[in-house]
Each structure stands twice: as structure tokens, then as C-alpha cells.
Amino acid sequence: MAHANLNLNGLTARDHAFYGLVWAGTTLTAQVDQALTRRHDLPLSWFEVMLWLSVQQEPVAPSELGTRTLLSRSQVSRVADSLRARGLIERVPSPTDARSVGITLTEAGRRAFAEADATRREALAEVFDDRLDDADIAALEAIWAKLKAQPTDGEQARP
């Protein structure tokens, strides 16, 4: 059978843009996940939790991470258990609620995060950083902000 000349020319500009977002997210995620797992035995989901924790001044409730990350609450709980087993995070009792705990990076977790973050940056350098200038990054930031914004009352998502 002869190879078909596949293309997406019949799609609208919006369809192309959506597919581009899906392609970029899937491709870059896979590349970073592979690099982190190979070099640090640290899946991207673990790195994401560590990323959020790395910039917090106080311990964070796992449920809060579940609302902020791309992970479900149960996934955050499993990731937290795995990170804790490796000594990368610790549970800290809440000062205001005896039934609650927060999680925070340990010193070993901060070092592991810094090493993994360097690997992430290296993995993305050629396929992301080297291809996008500051104006491209600003445009992406503006696009992400629009896509993440909650519709106001009476406003509906565009088709």
C-alpha cells in the first residue's frame, strides 16, 4: 500500500491551534518526564508537586495541591506518600487545626528539586527555550491566562 500524504489542511485555524496545544503539551511533557525519570527516578507528577512546594513559604495542605496541580487529590496523596518515603517531603501538623497536616520539602527534597529542575531546563532548552524569544513567552503567558480564566456570569465559552 502506498503511503498517503497526510495533512490537516481541512481543519479550521481554531482546530489547528487546539491540536497545536495538545501536541506541544503531550510532546514536551513526555520529553521532560523521560529525562526526569531517567536521571532522577522522579516522575513528572512528583516533580510537579515538588515545584509547587519549592516556592511556598509555609507547609501546604495536600488538598490545596489537589486544586492547584494537574493531579487529582488522590494522586497528590499517593505522590506525597512516595516523596515522603524517599525523604523528600515531610508532614507538619497544622498550627490551627490539630486534625490537619501540611507538607513541605525537606532539605534533601530541596536539593533533589534543584537537580531535577536543572534537568527539566536542559530537556526543554533546545525544543522550547531556544526556539521562543521573550515576546513568544509573553504571548504564551497571555494565552494561558485567558484559557485558565473562569467565565463570568452570563459569559459562555467560545465554540
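Above this text is the structure in question.
> Quick one: what's the story with the pattern of salt bridges, residue by residue and with numbers?
Applying the stated criterion to the full structure yields six salt bridges. With a shortest N-O distance of 4.0 Å, Arg86 and Asp41 are connected by a salt bridge. You can see Arg86 sitting in the loop between α4 (73–85) and β1 (89–93) and its partner Asp41 sitting in the loop between α1 (13–40) and α2 (44–54), a full 45 residues away along the chain. A residue is classified by how much of its surface remains accessible, and Arg86, at 37% relative accessible area, is partly exposed. One salt bridge in this structure joins Arg68 and Glu64, with 3.0 Å as the shortest N-O distance. A residue pair is termed a helical-turn pair when its members lie 3 or 4 positions apart in one helix, as Arg68 and Glu64 do in helix α3 (residues 62–68) at four residues. Here the salt bridges share partners, and the residues they tie into one network are Asp117, Arg120 and Arg121.

The rules behind each value
Residues numbered from 1 in each chain as written. Predicted model: local features only at pLDDT ≥ 70, side-chain atom pairs only at ≥ 80, totals over all residues. Heavy atoms only, no water. Salt bridge = Lys/Arg side-chain N within 4 Å of Asp/Glu carboxyl O. Helix = DSSP H or I, 4+ residues; strand = E, 2+ residues; numbered from the N terminus. Buried < 20%, exposed > 50% of the residue type's maximum accessible area, 1.4 Å probe, protein only.

So far we have only geometry, and geometry alone does not tell us how the molecule works.
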